[in-house]
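Residues per chain are reported as follows:
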Amino acid sequence: MSRMALFSSSVRLWLLPNAVLLVVLSIWGALRYPHLPGRIPKHIGVDGVDAWTDRSIGSAFVLVFVYAGMTVLMAGCAELTLWLTPRDELSNADAAPFAGARAASSLLNRPGSRASARRIARALLLLDTCIGMSFLAGCAVLWRSTPDPNVPGWLLVAMLLPLLVGTAVTVAAAVSDRKR
């Protein structure tokens, strides 16, 4: 009897860094939670923390929960990208069952080839890793043991840089697919 895996082997492999990051965030948060003050940051604005909330599991672990959801979403998108029949494998009858706009729209979001689909899927999972790294920086402020409204200057760079890198890689993978 064969079992159907939740994700293909290539997605599982590229999902591994995200799973490790999620475990690290969860363990770090669980270790920090008993030492958190009664009020923790709810929102960080340009001038530092500008809103506070009472400490609870939900408020303390919001970034971990959001990252877990993002990881499931991105893994699903990566898997769906691999399931699509690439443009280069469609026959003319499949590519244009009806003339004109319908044919063009059915090809709009398909990867150009299997190799391209793998690149795009990997880029999506790398973007998810970058989101997790960004959240890691946010947790460094969220899980401080003192309710300090000041935010270190490195936080903005530490949160934005991984997001920019992940987005650039994902866009580059999609654009290179369209040029082929």
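Residues numbered from 1 in each chain as written. Predicted model: local features only at pLDDT ≥ 70, side-chain atom pairs only at ≥ 80, totals over all residues. Heavy atoms only, no water.

The name given to the protein in an unreviewed UniProt entry is DUF1648 domain-containing protein, with Streptomyces hygroscopicus as the source organism.

Before we move on, could you go through the packing of aromatic side chains and cite the residues and values that matter?
Applying the stated criterion across every chain, the model contains 5 aromatic pairs. Judged by centre distance (6.3 Å) and plane angle (35°), the rings of Phe61 and Phe65 are tilted. For Phe65, a relative accessible area of 48% corresponds to the partly exposed category. Counting every residue linked through ring pairs, the aromatic cluster contains Trp28, Tyr33, Phe61, Phe65 and Trp143. The ring of Tyr33 is capped by Arg55, whose NZ or CZ atom sits 4.8 Å from the centre of that ring. (Phe/Tyr/Trp six-rings, centres within 6.5 Å; stacked < 30°, edge-to-face > 60°. Buried < 20%, exposed > 50% of the residue type's maximum accessible area, 1.4 Å probe, protein only. Lys NZ or Arg CZ within 6 Å of the ring centre and 35° of its normal.)

Go over helix α3 (residues 62-83), please, and point to the residues and values.
Given 3.6 residues per turn, any residue in an α-helix points the same way as the ones three and four places further on. End to end, α3 covers 32 Å across 22 residues, agreeing with the expected 32 Å (1.5 Å per residue, within 8%). Among all positions of α3, only Leu63, Val64, Tyr67, Thr71, Met74, Ala75, Ala78, Glu79, Thr81 and Leu82 are buried. Viewed end-on, α3 has its buried residues packed into an arc of 150°, placing them on one side of the element. More than 90 degrees from the buried face of α3, the exposed residues found are Val72 and Trp83. (Helix = DSSP H or I, 4+ residues; strand = E, 2+ residues; numbered from the N terminus. Expected span 1.5 Å × (residues − 1). Arc of directions from axis to C-beta.)

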